[in-house]
Amino acid sequence: MVSVVQNVAVDCVDAYELARFWSEALGCPLHPESKPGDVETEVTLPEGPQLYFNQVPEPKTIKNRIHLCLRPETSREEEVERLLNLGATLVADRREPDGAGWAVLADPEGNEFCVLRSAAERAAMSS
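Quantities reported herein were computed from a predicted structural model and do not represent experimental measurements.

Colleague: How do you make sense of the sheet that holds strand S1 (residues 7–12) when you look at a structure like this?
Modeller: Picture the strands of a sheet paired through backbone hydrogen bonds; they go either parallel or antiparallel. Taken in spatial order, the three strands of this open sheet run S1-S3-S2, and their pairing is mixed. Of all strands in the sheet, those with a lone pairing partner are S1 and strand S2 (40–43), marking the two edges. Averaged over all adjacent pairs, the angle separating strand axes in this sheet is 25°, with direction ignored. One ladder, built from four bridges, connects S2 with strand S3 (residues 50–55); its direction is antiparallel. The residue bridging Glu40 from the neighbouring strand is Asn54, located in S3.

Colleague: Please explain the nonpolar core as it appears in this structure.
Modeller: In a soluble, globular protein the nonpolar side chains are often hidden away together inside. With 22 residues, the main nonpolar core has Trp22, Val43, Phe53, Leu83, Leu105 and Phe113 as its most contacted residues. For this core, the elements supplying multiple residues, two or more each, are S1, helix H1 (15–26), S3, helix H2 (76–86), strand S6 (103–106) and strand S7 (112–115). If we ignore the near neighbours within four places in the chain, the residues touching Phe53 are Val10, Cys12, Ala15, Leu18, Ala19, Trp22, Val39, Glu40, Thr41, Glu42 and Val43.

Colleague: So what exactly am I meant to see when it comes to the pattern of salt bridges here?
Modeller: A side chain of one charge can pair with a side chain of the opposite charge if their charged atoms are brought near each other. Scanning all chains against the criterion turns up eight salt bridges. Linking Arg20 and Glu17 is a salt bridge whose minimum nitrogen-to-oxygen distance equals 3.2 Å. You can see Arg20 and its partner Glu17 sitting in helix H1, three residues apart, about one turn around the helix. Relative accessible area serves as the criterion here: at 34%, Arg20 is assigned to the partly exposed category.

Colleague: Could you clarify how one ought to interpret the packing of aromatic side chains in this entry?
Modeller: Here the distance between the centres and the angle between the planes together describe a pair of aromatic rings. Overall, the coordinates contain two aromatic pairs when judged by the stated rule. Their ring planes at 70° and their centres at 4.8 Å tell us that Trp22 and Phe113 sit as a pair that is edge-to-face. Highlighted residues: Trp22 in helix H1 and Phe113 in strand S7, separated in sequence by 91 residues. Taken as a pair, Trp22 and Phe113 share a single burial class, namely buried. Grouped by ring-pair contacts, the aromatic residues Phe21, Trp22 and Phe113 constitute a single cluster.

Cut-offs applied
- Residues numbered from 1 in each chain as written.
- Predicted model: local features only at pLDDT ≥ 70, side-chain atom pairs only at ≥ 80, totals over all residues.
- Heavy atoms only, no water.
- Pairing = 2+ DSSP bridges.
- Helix = DSSP H or I, 4+ residues; strand = E, 2+ residues; numbered from the N terminus.
- Axes fitted to C-alpha atoms, helices over the stretch in contact; angles between N-to-C directions.
- Core = buried A, V, L, I, M, F, W, Y, C linked by side-chain atoms within 4.5 Å.
- Buried < 20%, exposed > 50% of the residue type's maximum accessible area, 1.4 Å probe, protein only.
- Contact = heavy atoms within 4.5 Å.
- Salt bridge = Lys/Arg side-chain N within 4 Å of Asp/Glu carboxyl O.
- Phe/Tyr/Trp six-rings, centres within 6.5 Å; stacked < 30°, edge-to-face > 60°.

Okay, here's the thing in structure tokens:
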């Protein structure tokens, strides 16, 4: 017997607002009963575990020990720009001149995540 990951939990100051950011970033819906002021909510992913947002009293103070890595359907550059427009911030630019690498962003509460190259960009570099 093994365990199955039910959800990935994110502690946050404002569960509904942070879930809304991730819902827009991932193009996935909030739980249908979610509303402003909820102390917990989730984003429903099409496959795999849910993203569960839980309001806690303390703010984030140190680097994440676990984070999400996003592989965009569009180019990495277009996705970074879109996420910045949603309210993310650029934390570290690990993109290389040859197109390799990734960008480290933070969501509106400072949780780091990476934006990788798209599958098409990866395929183009390996040919």
